[in-house]
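Each chain, letter by letter, is given below.
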Amino acid sequence: MTTPQQPRAQWLGRWGFVLAATGSAVGLGNIWKFPYITGEHGGGAFVLVYLACILAVGVPVMMTEIAFGRRGRGSPIDAVRRVVTESGRSSAWSLLGWLAMLAGFMILSFYVVVAGWSFSYLWKMLTGGLAGSGVDDMVAIFVANNENPLNLGFWSTLVVVLTMLIVGRGVQAGIERSVTWMMPGMVIMLLILIGYGMTSGGFGEAWRFLFSFDTGSLSSDGMLAALGHAFFTLSLASGAILTYGSYLPARASIVRTTFSVAMADTLVALMAGLAIFPVIFANGMDPGEGPGLIFMSLPLAFQAMPMGTLFGILFFVMLSMAALTSAISMVEATVSWLCDNKGLSRRAAAWGTGIVLWLISTMAMLSFNVGADWTLLGRHFFDWLDYLTSRWMMPLGGLGMVLLAGFVLKSETFRDELGLSPRWHALWLFMVRYVSPFGILVIFVDALGIARIEFGIHWPWLLAALALATLIGELASPRLRQALAG
Ligand code: PHE
């Protein structure tokens, strides 16, 4: 069974982990990012690749990460080191833990800016600052909100402070309680918005936009974005899920937990799409509007519906809470690492991290005003943080994790932790050895322009290649293991 190295906090209730992991997974990624990148990449085909990535890559990676966390009982760096040492492998693999921790921190640095938007819109909703009648007014309000660095900086600073306050108080007290009421609330709000969308005249178009595609292919960039988003939305390869897994009691089922979290997360994202796109189409807006999409469209819906102000307030309260429960999970890795290795108290670790976070997030915030021209290769700092983490660091970190679990470690480790029947275990192994790595590699190969994937035409070839890879992998695996052992 597990090998706890030191007494470690555990979740309070039976549902503690599921709630906290769901709180981490469901956030701005579902409600802000999913709709806007779906819009940018043209809808249906993107959604299909995203769902395939969740199933073929996200779910296996999540099981693996939770197992790493629980087995190693520590921050990503410590947990991975312990687990590889247990199998007699090189501790250099803990670099994967460093990569994850860095990714989590970089994500948080731009995430707090978006969470700041949510808080500022809540304030506007409360004080009547969203009054306006048309699309142009909403665009103008969004632009004006970004223009003043003091205003925008105030809100992102508030998010940093709130995050660190919660993290400083510890995993159980802060996290579990807030998620318990927030998740059901969010679902109800989305249902209300979907109900409104059905009457707005744009619902049919939204449905078609999300769930059908006629183009023969999706851009390489779109595929990479879909893969990256599967990692982002499930909080993978960024330390969050692994660290939460380290607080999971020995008897809880990792598999069942993973499916609950992945399903809840996917459901919320699709619901958010169905809530937002009808408004976009009914008002003749451009779905490819970019990061401001929900802030420019939803206020229009709230204005037009009965009791809209009340619903609007509730919505932004919940969006802000969803953002906070995700934000705390991104620093948990760093904070727990500082506590375990540098002898800091939780509070000191939280505030120390908070200061660094504040500095970097301030730079990200400036990308929307005074720093709008500080670009490198066409991206400003905010975009770089998002681009590097989602498109590269998370998929590569995830790839490393599944290869490590599939080929390098002793098979008992995951047999113990996952507790699957032999047949299901074989399926898991097949997924982490071939399907997930292959999925990630194919998308990278495509994105790097080495070979182009076309929908439909080349799928049989892909399957054939997967079969071949399986064969070679199985034949070479003892040798591969030796080679990778270091
Ligand atoms: N999954 C979160 C969301 O969808 C974002 C997140 C990414 C959280 C990485 C933790 C780690 O908003």
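These remarks concern the structure in this document. (Residues numbered from 1 in each chain as written. Predicted model: local features only at pLDDT ≥ 70, side-chain atom pairs only at ≥ 80, totals over all residues. Heavy atoms only, no water.)

This next bit is on the overall build of the protein chain. Scanning the protein chain for helices and strands turns up 19 helices and 2 strands. Here the protein chain has a C-alpha radius of gyration of 22 Å; the compact-globule value for 486 residues is 23 Å, and the two agree. With the principal axes as the frame, the protein chain shows a C-alpha extent of 65 × 55 × 45 Å. Counting the 486 residues in the protein chain, one finds 59% classified as buried. For the protein chain, restricting intrachain contacts to residue pairs at least 6 apart in sequence, the fraction spanning at least 24 positions comes to 83%. By element, 68% of the accessible surface of the protein chain is carried by carbon and sulfur atoms, the whole surface being about 18900 Å². The protein chain carries 27 positive and 25 negative side-chain charges, and their two centres are separated by 15 Å. (Helix = DSSP H or I, 4+ residues; strand = E, 2+ residues; numbered from the N terminus. Rg over C-alpha atoms; globule rule 2.2 N^0.38 Å. Buried < 20%, exposed > 50% of the residue type's maximum accessible area, 1.4 Å probe, protein only. Contact = heavy atoms within 4.5 Å. Areas by Shrake-Rupley, 256 points an atom, 1.4 Å probe, with all protein chains shown as cover. Lys, Arg positive; Asp, Glu negative; His and termini not counted. Charge placed at Lys NZ, Arg CZ, Asp CG, Glu CD.)

In the vicinity of the ligand, 16 residues are found, and the nearest of them are A25, G29, Y111, F232 and S235. In the model, an oxygen atom of the ligand is placed 2.7 Å from a nitrogen or oxygen of the G29 main chain. The contact in question runs from a nitrogen atom of the ligand to an N or O atom on the side chain of S235, over 3.0 Å. In isolation the ligand has 320 Å² of accessible area, and contact with the protein removes 100% of it. Looking at the shell around the ligand, the elements that each hand over two or more residues are α1 (16-25), α2 (28-40), α5 (95-127), α10 (220-233) and α14 (308-342). Its residues assigned to classes, the shell around the ligand comprises 7 nonpolar, 9 polar and no charged. (Near = heavy atom within 4 Å. Polar contact = N/O pair within 3.5 Å; in protein donor to acceptor, adjacent residues only side chain to side chain. Nonpolar A, V, L, I, M, F, W, Y, C, P; charged D, E, K, R; others polar.)

By the definition in use, this model includes 8 salt bridges. E417 serves as the salt-bridge partner of R70, at 2.7 Å between the closest nitrogen and oxygen. Taken together, the residues span a long stretch of sequence, with R70 in helix α3 (residues 44-72) and E417 in helix α17 (residues 411-418) at a distance of 347 residues. For the pair R70 and E417, a shared accessibility class is recorded, and that class is buried. Between R391 and D221 there is a salt bridge, with its nearest N and O atoms 2.6 Å apart. Taken together, the residues R391 in helix α16 (residues 381-408) and D221 in helix α10 connect sequence positions 170 residues apart. Put simply, R70, R71, E86, D416 and E417 are held in one network by salt bridges that share partners. (Salt bridge = Lys/Arg side-chain N within 4 Å of Asp/Glu carboxyl O.)

This part takes up the nonpolar core. Grouped together as the largest cluster of nonpolar side chains are 167 residues, with contacts concentrated most on F68 and F315. When residues no more than four places from it in sequence are discounted, the contact partners of F315 are I31, M186, M189, L190, L193, L298 and F302. (Core = buried A, V, L, I, M, F, W, Y, C linked by side-chain atoms within 4.5 Å.)

Let's shift gears to the packing of α3 against helix α12 (residues 254-282). Their axes nearest at 10 Å, the elements α3 and α12 cross at an angle of 145 degrees. Here α3 runs over α12; the crossing is right-handed. Residues V47, Y50, L51, I54, V59, M62, M63, I66, A67 and R70 of α3 form the contact with α12, whose participating residues are I254, V255, T258, F259, V261, A262, D265, T266, A269 and L270. Of the residues that constitute the contact of α3 with α12, the class distribution is 16 nonpolar, 2 polar and 2 charged. (Axes fitted to C-alpha atoms, helices over the stretch in contact; angles between N-to-C directions. Left-handed = near helix turned anticlockwise from the far one by under 90°.)

Let's shift gears to the packing of aromatic side chains. Evaluation of the coordinates by the stated rule reveals 29 aromatic pairs. Taking the centre distance of 5.4 Å and the plane angle of 70 degrees together, the rings of F209 and F281 count as edge-to-face. Note that F209 is positioned in helix α9 (residues 203-211) and F281 in helix α12, a separation of 72 residues in sequence. Ring-pair connections join several aromatic residues into one group, and the members of that group are F110, Y111, W117, Y121, F142, F232, F295, F302, F315, F316, F368 and F382. Taking the ring centre of Y121 as reference, the NZ or CZ of K124 above it sits at 6.0 Å. One Lys or Arg, R379, reaches over the ring of Y387 and ends 3.7 Å from the middle of that ring. (Phe/Tyr/Trp six-rings, centres within 6.5 Å; stacked < 30°, edge-to-face > 60°. Lys NZ or Arg CZ within 6 Å of the ring centre and 35° of its normal.)

This part is about unusual backbone geometry. Phi at R73 takes a positive value of approximately 40 degrees, unusual for a residue other than glycine. By the element assignment, R73 lies in the loop between α3 and α4 (76-86). Note on R73: relative accessible area 3%, which makes it buried. The phi torsion at S235 lies on the positive side, around 60 degrees, for a residue other than glycine.

This next bit is on α9. Along α9, the residues that are buried comprise F203, A206, F209 and L210. Buried residues along α9 cover an arc of 125 degrees about the axis, so they all sit on one side. (Arc of directions from axis to C-beta.)

Before going further, it helps to examine the packing of α2 against α10. Orientation of α2 relative to α10, taken along the N-to-C sense of each, is 175 degrees, at an axis distance of 11 Å. If you check the angle between α2 and α10, you find them roughly antiparallel. Residues G29, N30, K33, F34 and I37 of α2 lie in contact with α10, whose contacting residues are H229, F232 and T233. Considered class by class, the residues forming the contact of α2 with α10 number 3 nonpolar, 4 polar and 1 charged. (Parallel < 35°, antiparallel > 145°, perpendicular 65-115°, else oblique.)

Position of T180 relative to the elements: it lies in helix α8 (residues 171-199). For T180, a relative accessible area of 47% gives the class partly exposed. The spacing of T180 and G132 is 48 residues in sequence and 35 Å in space, taken between C-alpha atoms.

Let us now look at the environment of E289. By secondary structure assignment, the location of E289 is in the loop between α12 and α13 (293-304). Taking the C-alpha atoms as reference points, E289 and A269, separated by 20 residues in sequence, lie 18 Å from one another.

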